[in-house]
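Results of the structural survey
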4 protein chains.
Amino acid sequence: MRLRDLKTIQERRKFLEKKTGISFFPNENFPDGFEIAQEKNCENMIGVVHVPVGVAGPILLNSKSASEEIYIPLATTEGALVASVNRGCKAINQDGGVSVYSENIGITRGPVFKTSGLAQGLHLKQWVKDEFSQLQRMVVSTSSHITLIKVDFQISGKNIYMRFYYDTQDAMGMNMVTIATQELVSFIEDRMKVKCTSLAGNYDIDKKPAWLNFISGRGRQVWSEAVLEESTIKEVLKTTPSAIHDVSVSKNLVGSALSGALGFNAHFANVIAAIFIATGQDAAHVVEGSLGICTTEIVDNNSLYISAFLPDLPVGTIGGGTNLPSQKKMLELMGITGGDKGSNGEKIAEIIGATVLAGELSLLASLAEGSLAKTHERLARGKVKKKI
Amino acid sequence: MRLRDLKTIQERRKFLEKKTGISFFPNENFPDGFEIAQEKNCENMIGVVHVPVGVAGPILLNSKSASEEIYIPLATTEGALVASVNRGCKAINQDGGVSVYSENIGITRGPVFKTSGLAQGLHLKQWVKDEFSQLQRMVVSTSSHITLIKVDFQISGKNIYMRFYYDTQDAMGMNMVTIATQELVSFIEDRMKVKCTSLAGNYDIDKKPAWLNFISGRGRQVWSEAVLEESTIKEVLKTTPSAIHDVSVSKNLVGSALSGALGFNAHFANVIAAIFIATGQDAAHVVEGSLGICTTEIVDNNSLYISAFLPDLPVGTIGGGTNLPSQKKMLELMGITGGDKGSNGEKIAEIIGATVLAGELSLLASLAEGSLAKTHERLARGKVKKKI
Amino acid sequence: MRLRDLKTIQERRKFLEKKTGISFFPNENFPDGFEIAQEKNCENMIGVVHVPVGVAGPILLNSKSASEEIYIPLATTEGALVASVNRGCKAINQDGGVSVYSENIGITRGPVFKTSGLAQGLHLKQWVKDEFSQLQRMVVSTSSHITLIKVDFQISGKNIYMRFYYDTQDAMGMNMVTIATQELVSFIEDRMKVKCTSLAGNYDIDKKPAWLNFISGRGRQVWSEAVLEESTIKEVLKTTPSAIHDVSVSKNLVGSALSGALGFNAHFANVIAAIFIATGQDAAHVVEGSLGICTTEIVDNNSLYISAFLPDLPVGTIGGGTNLPSQKKMLELMGITGGDKGSNGEKIAEIIGATVLAGELSLLASLAEGSLAKTHERLARGKVKKKI
Amino acid sequence: MRLRDLKTIQERRKFLEKKTGISFFPNENFPDGFEIAQEKNCENMIGVVHVPVGVAGPILLNSKSASEEIYIPLATTEGALVASVNRGCKAINQDGGVSVYSENIGITRGPVFKTSGLAQGLHLKQWVKDEFSQLQRMVVSTSSHITLIKVDFQISGKNIYMRFYYDTQDAMGMNMVTIATQELVSFIEDRMKVKCTSLAGNYDIDKKPAWLNFISGRGRQVWSEAVLEESTIKEVLKTTPSAIHDVSVSKNLVGSALSGALGFNAHFANVIAAIFIATGQDAAHVVEGSLGICTTEIVDNNSLYISAFLPDLPVGTIGGGTNLPSQKKMLELMGITGGDKGSNGEKIAEIIGATVLAGELSLLASLAEGSLAKTHERLARGKVKKKI
């Protein structure tokens, strides 16, 4: 008897209890509708982990997709994170909120083909360009929610890499584009007599930190900004604009430069991971979603201008983990339900951009004020719970 | 009334239901002992998200920490992942299992100080080297579970960055090292009359993808390897050693090179994210944990040698999310309970290294065989469930 | 009296002899026409350095620009380089020569503007796209040898970066594009009421190693390839295809990956520097020109396929140092005289691509055979001069 | 008859004149002592290229190696470069000169060995650590000018890479360390029964831009700094401290970050290339020498603090091109003759660090003032020659 031959969670648990000697929690229950997870999200399922969700905000978001106050669910096990983001929201709201803008670059899939050499590779590149509208039609036929935007190429010896960018509306879309790209690949193989070595040739480049995604973008790109008055920074964040700016330059810019980083920021990843898990995004995409840069400037009246740029945010509001009951609820908390021709994908991207900015502001301020260690000592050890 | 003034999950839920119009699941329950989450892991807590956990394996692990078959819990919402890892385990086990080795590099914290200029910066660097054993004693005094291993420096203008490496035994340790580094910083500020601009100057570099971590390591480093016979690859993975090797070179090496990646692998991030979430690791560390390289070679008798190197794995078995009930259970499933002077930290790192290798093998094989799209179509859409 | 007030080489030499106590070579002379250097290439000129030029080849080049045998001048002070390239040419010629292909990506200039914030930045981006044909007309008016190809953008906070790509025919073109971009900048400043912070905002990115140039290309891109029979490799290179391939994978791919390199090659830089100096290219562009990847494969009959890709080759055949007499002569040696609507720029790029491949082949073979140290010992110490 | 069978420059010239139809300059002459080039620096020699040398400075250098005014020879064909550096020197001198510090990291060679697998690789790593003093003794025996400083490792699958760092005193040292490493490799192969795949496995990493060299250093590391008063900047540089600082942040930091650069500077490469060629350094090392970061700050009394950090400067004052007559003369111009137990190597490194800073200051000021295009128009086209 093997694990994979068992049909139910209970059977698998019993099997594992016998094999390993542990005992599972007997009375664990799942929200209504959770059964779908076994069909679509997870093989050999034995249960769940419960990841705590705290709420930060509201944050006052000004964007094309929403001009409203939004509460943000953060799934995290890192004490102080929710409190920190919350404090950032408070400061930002006090001075008018955060402005957010986004662009749908498109999710990518990047097959690699083996040619007979450079001549065929370069010919194939030209042929794909020439046949592009034909390829677009083929893609549309695979789903009513997908279109092919553009294609980039890279050639090295007998390998030709193609990076197809797709608009997948409100879905993150990796499954859709895998299927669509398979169609394109079969067509290209058939017509051009080349062999696809791999449907995914790391020129996508999916779930790996990469300059290609930083520079050319992937998924959705988001920019956010806010201006904080000196008095707000003093009152809410207990520090000064210039102290925050000093941390920002020496840490986010120079420190990251000296470390060979692709992240010129304080902790995009914390916020990205927390929202991604709360809302059922693919957690492996935290690698990409956390790329980006946060910069500050001292502006008129000694105010602080702060801005974040996220070049590569692969997110969705339908499909994958977003369909699970508690994750879906968290999307609803932000006013997002299912798909809506891309506008919900845009909205979640912009909310993330806003939240990331609140997180940056608050952590930079903590570091500037010198309270980081104290806060962690208090919160992580559960001693005292106070505003940070 | 503001969210942060409320004291209980129910109060917060009511507040949010009123504000946003959604209704939370009424009868959600948590495992025993989950209350701790509100104290230590998550402020403004309103509940949990349930992340499905599937089990892959067992995988036959040969390492210093364990020579046994281990079942691996994977928390994921990405259909096909568990099945894919499972298939990799099966192939690897059939040919003797996976060998894993690890080293404890130490978790780092990297403060930045502002000096009067290069002369003071270089003097400070020398002084810290000279006083290093004094610093080590100070660190030990902050906790019985922490020691200071070494320190690296980087200087740019008036900024001096120090990268302190700490052994934190079975804890991932970021909180511990934040507190310890605060001690060191206060001492240095006091004795050398310099000001610390930021306790964390991105020379740590925490939760950002960075060459510094790839090159110098962070947390634990893990190497894993396996040899697969041609017949096993044909039978279990439905392809050939040379087809896998071709994908490995053109995707993991050349494709990643052309993309400016820090990940020369197929999908470390998928496995890292799934184990991290299942076992209560800090999910933002997926960014670092997924760095690394996977290489293959054709060896004697047309067998396939495959190996993975993870330079930066910040993991723990105590503290943070590992203390939560369902996460703790998942650790127990792998035979890990609490802390044990570093040996449990080593064990989870080595299990992760083994699982990552199984994941690489299986995905490279799927790509080589050309079945990736088909698998996703089947599993993600819930049509048929078959072995992949 | 200051150095800069002196008018002639002799006056400056006398001044420096007095100041420093050295004595210049009295009877140094320059080739006819060298006087131009003082006017156009070098202020405060005191003479020259003589850089030895050796000739490698001929190499049998098959490309659109030339299908002929070409002798390649290499200006170098590194013993063994010319001999090594020469050996690579011999092997390549014996099996039919090298095939080369190129594309004119365009030289870039990347100004940065300061906007009032994201709204203005994004608006400016759209405006520049809308006015693009107007910008193209303005560029054409600055010179009959320049056209504007395309523009890319990046926005971070109040900074908007534009990367203008120009076709400058046979000139490397940095001066031309600086002047043209100044025109565009003035126009944009005037019409959009923004201030250009810097005409060159490192989004060009000129003379720095950068993934942007590797990924998006700059100047000309060149691909080259050759197939070497096993017998040729044994006879001329004293090793085997598989030994070369092993070095190629472990050094050019894995070794470079582990080092965080932008150069996945053995020594592009040696060949690039030598040809650049010999032909009067801007030597600081060696930084960019040496980016790229060299890969190998074992193909039919145990032959070796080898290929090089140079993504960023800023070269010219008119202007700058190419106008100096000895440098011009070296261009003539390769059959290149002045400008010819871009075809000469293409030709030199393709010759460089071919020579780089010969250099790679020969060094990889030396390393495979284990003779590198011996060769250096012999040649660099002037002991024996033998074929390598 | 083939080129390589000919014995003299004249014979080769005649041969090429016949083959290609060009005619070489008949009356070219070389400085006394240049014959050595044929023996040691360049095979198949046919003559030289004359690279114009201009002198910038003097620059007032304050360092351990020199506290004096130094004239700097710059070999360049890029109009405006000498004038620009000169202007930077003038401003810096006016406010007390430039302070420079350096450290000898050591030049590296990085062989790669093929092991039977991870167990042997990790064992070999430990063995090399254990035998390190034995290896040091072997290295000393290869030359009286070389010592082995330390060794780093990286392991991926069956490949183990070792990075040996050597002190080579006043020589750049690549030849010396190649020979010494060959000794070590033979010893290791013999004793440990492993095979060295390549004496140079790109973990050196030589002549490629790489984060490993930026982070760990290679050759000599240099830091330089200067403080400029507001009045000096206005008078000499025609701009303001804050305008320069704005360019510095938006170009050197943010612009480079967005471009995925390893050069966070304005134009280190221009100065590096010019001094390298003037003084007979290996021009391919411009790739490494130009890595680094330049930062600025506004300090007391609205002065500008500017600093440069060069992590990887492989330079020498003996061997290679430094022995050629005109190159040697250029070293003498800076007060450097031959070798002196490392102090001359240190001195040239520190002079380069100082000059790079002057170059940065001047170009940042030109960009801040908006005069870059105008200057290039004037100087490069030979119209007017004025101070820039």
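Just so we're clear, the structure is a prediction, and the values are computed from it rather than from any experiment. (Residues numbered from 1 in each chain as written. Chains lettered and ligands numbered in written order. Predicted model: local features only at pLDDT ≥ 70, side-chain atom pairs only at ≥ 80, totals over all residues. Heavy atoms only, no water.)

Here we take up the relation of the copies chain C and chain A. Overlaying chain C with chain A gives an RMSD of 0.0 Å, the required rotation being 180 degrees about an axis along which the chain moves by 0.0 Å. Interpreted geometrically, this transformation is the action of a two-fold axis. Distance from the rotation axis, computed per C-alpha, reaches its smallest value in chain C at tryptophan 211 of chain C: 3.2 Å. (Least-squares fit on C-alpha atoms with pLDDT ≥ 70 in both.)

Quick look at the interface of chain C and chain A now. Taken together, the contact pairs 29 residues of chain C with 29 residues of chain A. On the chain C side of the interface with chain A, the three residues burying the most area are Leu118, Ile215 and Trp223 of chain C, jointly 23% of the side's total. With its nearest N and O atoms 3.0 Å apart, the salt bridge here joins lysine 125 of chain A to glutamate 103 of chain C. Broken down by secondary-structure element, the contributors of at least two residues to the side of chain C that touches chain A are β3 (98–109), α4 (118–130), β5 (147–156), α7 (211–216), β8 (218–228), β10 (292–299) and β11 (303–313) of chain C. Looking at which element gives the most residues to the side of chain C that touches chain A, the answer is α7 of chain C, with five residues. For the side of chain C that touches chain A, the per-class residue count stands at 14 nonpolar, nine polar and six charged. (Contact = heavy atoms within 4.5 Å. Buried area = accessible area lost by both parts, 1.4 Å probe. Salt bridge = Lys/Arg side-chain N within 4 Å of Asp/Glu carboxyl O. Helix = DSSP H or I, 4+ residues; strand = E, 2+ residues; numbered from the N terminus. Nonpolar A, V, L, I, M, F, W, Y, C, P; charged D, E, K, R; others polar.)

Here the focus is the interface of chain A and chain B. In this assembly, 126 residues from chain A lie in contact with 125 residues from chain B. The junction of chain A with chain B conceals about 10200 Å² of combined surface from both sides, 60% of it contributed by carbon and sulfur atoms. Here chain A and chain B share two salt bridges between them. In this structure, lysine 207 of chain B and glutamate 78 of chain A form a salt bridge, with 3.5 Å as the shortest nitrogen-oxygen distance. The tally of links from chain A across to chain B stands at 53 residue pairs in polar contact (both at pLDDT 80 or more). Tallied by class, residues from the side of chain A that touches chain B come to 61 nonpolar, 45 polar and 20 charged. Pairing of strand β1 (residues 45–62) of chain A with strand β1 (residues 45–62) of chain B, which is carried by nine bridges, proceeds in the antiparallel orientation. Bridge pairing in β1 of chain B links valine 53 of chain A to glycine 47 of chain B. (Polar contact = N/O pair within 3.5 Å; in protein donor to acceptor, adjacent residues only side chain to side chain. Pairing = 2+ DSSP bridges.)

The next subject is the relation of the copies chain A and chain B. Mapping chain A onto chain B leaves a residual RMSD of 0.0 Å; the transformation is a rotation of 180 degrees accompanied by 0.0 Å of translation along its axis. A share of 99% of interface residues in chain A that are also interface residues in chain B marks the association as one of identical surfaces.

Now for the domain arrangement of chain A. Put simply, an interface is often sized by how much accessible area is lost when its parts join up. Once the domains are mapped, chain A shows domain 1 (3–40), domain 2 (53–104 + 209–379) and domain 3 (111–198). When each unit is reduced to the centre of its C-alpha atoms, the spacing between domain 1 of chain A and domain 3 of chain A is 40 Å. (Domains from an automatic or database assignment.)

Under the counting rule described, the total for this entry stands at 26 aromatic pairs over all chains. Geometrically, the ring pair formed by tryptophan 211 of chain D and phenylalanine 214 of chain D is tilted, given 4.8 Å between the ring centres and 40 degrees between the ring planes. On the criterion of helical spacing, the pair formed by tryptophan 211 of chain D and phenylalanine 214 of chain D is a turn pair, its members being three residues apart in helix α7 (residues 211–216). An identical accessibility class is assigned to tryptophan 211 of chain D and phenylalanine 214 of chain D; each is buried. Positioned over the ring face of tyrosine 305 of chain A is lysine 158 of chain C, at 4.9 Å from the centre of the ring. (Phe/Tyr/Trp six-rings, centres within 6.5 Å; stacked < 30°, edge-to-face > 60°. Buried < 20%, exposed > 50% of the residue type's maximum accessible area, 1.4 Å probe, protein only. Lys NZ or Arg CZ within 6 Å of the ring centre and 35° of its normal.)

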